[in-house]
Amino acid sequence: KLNGTWALIGTYSVDGPVARSRNALQTLSDSVYEGLYKNTQWSWLAGGMASAESSGSKARSFQNIDVARGEIFNIVEFAAFGRRARITVTGTIARESPTSLAVVFVASSIEGLPFAPPVVRVPLPRPRGYVETTFLDDEVRISRGSRGTLFVTVRARG
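What you see is a predicted model; the values in this text were computed from it and never measured.

Caption draft 1: Seen up close, the confidence of the model for the protein. In this model, the protein carries an average pLDDT of 78, and 72% of its residues clear a pLDDT of 70 or more. Here helix H2 (residues 44–55) stands out as the element of the protein with the lowest mean pLDDT, 44, in contrast to strand S8 (residues 140–145), whose mean of 94 is the highest. For the stretch residues 16–26, pLDDT sits under 50, and the model shows 14 contacts to residues farther than four places along the chain or on other chains.

Written out as structure tokens, the structure is:
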């Protein structure tokens, strides 16, 4: 049931300390996450449709999971300078347990910006984490990420 495309409808963050990694690149990733995604001006990038609508950005977030191929794609579509743009982050996944996946994000890109090439590749420090699925049926998935954020998704149609 985990395979397929999921539309993010909301994220919920638990306030409190973020576990710090011993790896300098993971610490950098944690700092970017806290500075960008937890900032209310930019939280719609990670927050899906619920926070996007409240910020007026009309952003949509999707996640495509293929367990057999060990692939994950996070996609955020949003308006930028009057045009539709897209951020794509690709990663690898591996089963840790029946409900947990280890995730390593390996590449990202931005498309649709008027002042840039058609596709801009953005290097990543290969952030590692996990996602624990706490509820899953044919239509709804609730999971918690390694930074403590709760994600609520619904199966995307067409």
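Caption draft 2: Inspection of the pairing of strand S3 (residues 71–80) at higher detail. Here strand S2 (residues 60–66) runs beside S3; their pairing, made up of 7 bridges, is antiparallel. By the bridge assignment, Arg60 is partnered in S3 with Glu77. The antiparallel pairing of S2 with S3 creates a hairpin that spans 4 residues between the two strands, and Gly70 there sits at a positive phi of about 70°. Note: S3 against strand S4 (residues 83–97), 10 bridges, orientation antiparallel. From the neighbouring strand, Phe73 faces S4, where its bridge partner is Thr90.

Caption draft 3: Seen up close, the pattern of salt bridges. What the rule picks out here adds up to 5 salt bridges. The shortest N-O distance in the salt bridge between Glu71 and Arg69 comes to 3.8 Å. A relative accessible area of 25% means that Glu71 is categorised as partly exposed. When its relative accessible area of 61% is taken as the criterion, Arg69 is described as exposed.

Parameters at a glance
- Residues numbered from 1 in each chain as written.
- Predicted model: local features only at pLDDT ≥ 70, side-chain atom pairs only at ≥ 80, totals over all residues.
- Heavy atoms only, no water.
- pLDDT = per-residue confidence, 0-100.
- Helix = DSSP H or I, 4+ residues; strand = E, 2+ residues; numbered from the N terminus.
- Contact = heavy atoms within 4.5 Å.
- Pairing = 2+ DSSP bridges.
- Salt bridge = Lys/Arg side-chain N within 4 Å of Asp/Glu carboxyl O.
- Buried < 20%, exposed > 50% of the residue type's maximum accessible area, 1.4 Å probe, protein only.

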